[in-house]
Structures are given as structure tokens and as C-alpha cells.
Amino acid sequence: MNKQTVLQAIIDKLKVDLGVAQRAAQTAYETATHEENIAENKYDTLGLEASYLAAGQARRVEEIRQSLLLYQKLSMAPFDEQRGIQTGDLVTLQTETGAEQHLFLGPDAAGLKIRLENDVITVITARAPLGQSLLGKFEGDELEITVNGSKQSFEVTQIV
């Protein structure tokens, strides 16, 4: 896997998500401001609900826009053998059962998933428990995190 290819796939996905969110925000705005949605009595809340939705959609558009800017400014450096895993690294983890998980430690957009070839790569950030645990680790290191009271163990098998 190539980090630059992964970065470009993340940027492309964020651009698509931004377009979808912008259209949803515009539709919500038009619904909220449409003359047929003016409240006729105190129980007629369609316009109010639409305005809440429009505000939420506008916030989502801004979140995606900020994530996109961060990724467009992200410079890809090769893995630093002295510092260990840092933001911008592509990491493969293996569970105790042998299942592999591909992660991109990014500056934002946690939870975003992209598919490259036959692999699914999940974006995580250093703010997440797993991301925090990965910082400074090296190939062959093991880590353990607790999620919802359940301990999960991983081995770092590859870093790009």
C-alpha cells in the first residue's frame, strides 16, 4: 500500500461527502424557508424542525470542509524509525485470532473508511484510544486497549 494513494483516496472521499452534505444542507434550508412551512399555530413545527435540520447540516458541511483542508495540507513523510508511529502513518494490526485491520492515523475524519484494492482502511485519530496507543509504537510491538469493558490485543505487523 502506498500512503500517497491512501491520502488521495481520503481526499476524494471527503470531496464526495462534502458534495452530498452541501446538497442536503441546501435542501434543508429550502424546506425551512419555504412559504408553505410557515407555522399556522403553535403545534405546527415543520418549519422549526427544518431549521434545526438546516443548522445541523450546515455544521456538518463545515466539519467536512475543515477535514478536507487538513488532509489537503497533510504532508506525507516516510515512517520515522526513531519516533515510531505518528500522524500520517498507515498501520496494519493483527488481532490474536489473526484478523488484520488497516488503519490510517490522520489529523481528522475519524471513522472514515476507504477501499483500496481488496483492503478496507479506516481513518483514526490520536484522540481515539487506539490512536493514542499507537503513537510511538514500532513494527512487532503489541498493544492492548479496553473498549466497552472488553480488552482487545493487537500486534503492529506493518507500518508504511
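In the block above lies the structure referred to throughout.
Calculation criteria
Residues numbered from 1 in each chain as written. Predicted model: local features only at pLDDT ≥ 70, side-chain atom pairs only at ≥ 80, totals over all residues. Heavy atoms only, no water. Core = buried A, V, L, I, M, F, W, Y, C linked by side-chain atoms within 4.5 Å. Buried < 20%, exposed > 50% of the residue type's maximum accessible area, 1.4 Å probe, protein only. Helix = DSSP H or I, 4+ residues; strand = E, 2+ residues; numbered from the N terminus. Contact = heavy atoms within 4.5 Å. Polar contact = N/O pair within 3.5 Å; in protein donor to acceptor, adjacent residues only side chain to side chain. Pairing = 2+ DSSP bridges. Axes fitted to C-alpha atoms, helices over the stretch in contact; angles between N-to-C directions.

Chemist: Explanation requested: the nonpolar core in the structure shown.
Modeler: The nonpolar side chains of a soluble globular protein tend to be buried, and buried together. Ranked by internal contacts, the top residues of the largest apolar core, which has 22 residues, are V6, I10, L14, Y71, F104, I114 and I121. Those elements that provide at least two residues to this core are helix 1 (3-33), helix 2 (46-73), strand 3 (113-116) and strand 4 (119-124). Residues in contact with F104, not counting those within four places in the same chain, are V6, I10, Y71, L74, M76, G88, D89, L90, I121, T122, V123 and I124. Counting residues in hydrophobic clusters, the runner-up holds 14 residues, among them L130, I145, V156 and I159.

Chemist: Explain the side chain of D89 here, please?
Modeler: In this structure, D89 sits in the loop between helix 2 and strand 1 (90-95). A distance of 3.1 Å separates polar atoms of two side chains, one belonging to D89 and the other to K3. In terms of polar contacts, D89 uses its side chain to reach the backbone amide nitrogen of Q86, at 2.8 Å. Discounting chain neighbours no more than four positions away, the residues touching D89 are K3, A77, F79, G84, L103, F104, L105, I159 and V160.

Chemist: Would you take a moment to explain the sheet that holds strand 5 (residues 142-147) for this structure?
Modeler: Whenever strands of a sheet pair, they do so through backbone hydrogen bonds, lying parallel or antiparallel. Strand order in the open sheet formed by six strands is 3-4-2-1-6-5, and the pairing between neighbours is mixed. Sheet topology places strand 3 and strand 5 at the edges, where each strand pairs with a single neighbour. With strand direction ignored, the average angle separating the axes of adjacent strands in the sheet is 40°. Alignment of strand 3 against strand 4, held across four bridges, turns out to be antiparallel. Within strand 4, the position partnered with K113 by the bridge is T122. Contacts from helix 1 reach strand 1, strand 2 (100-105), strand 3 and strand 4, with the element oriented near 130° to strand 3.

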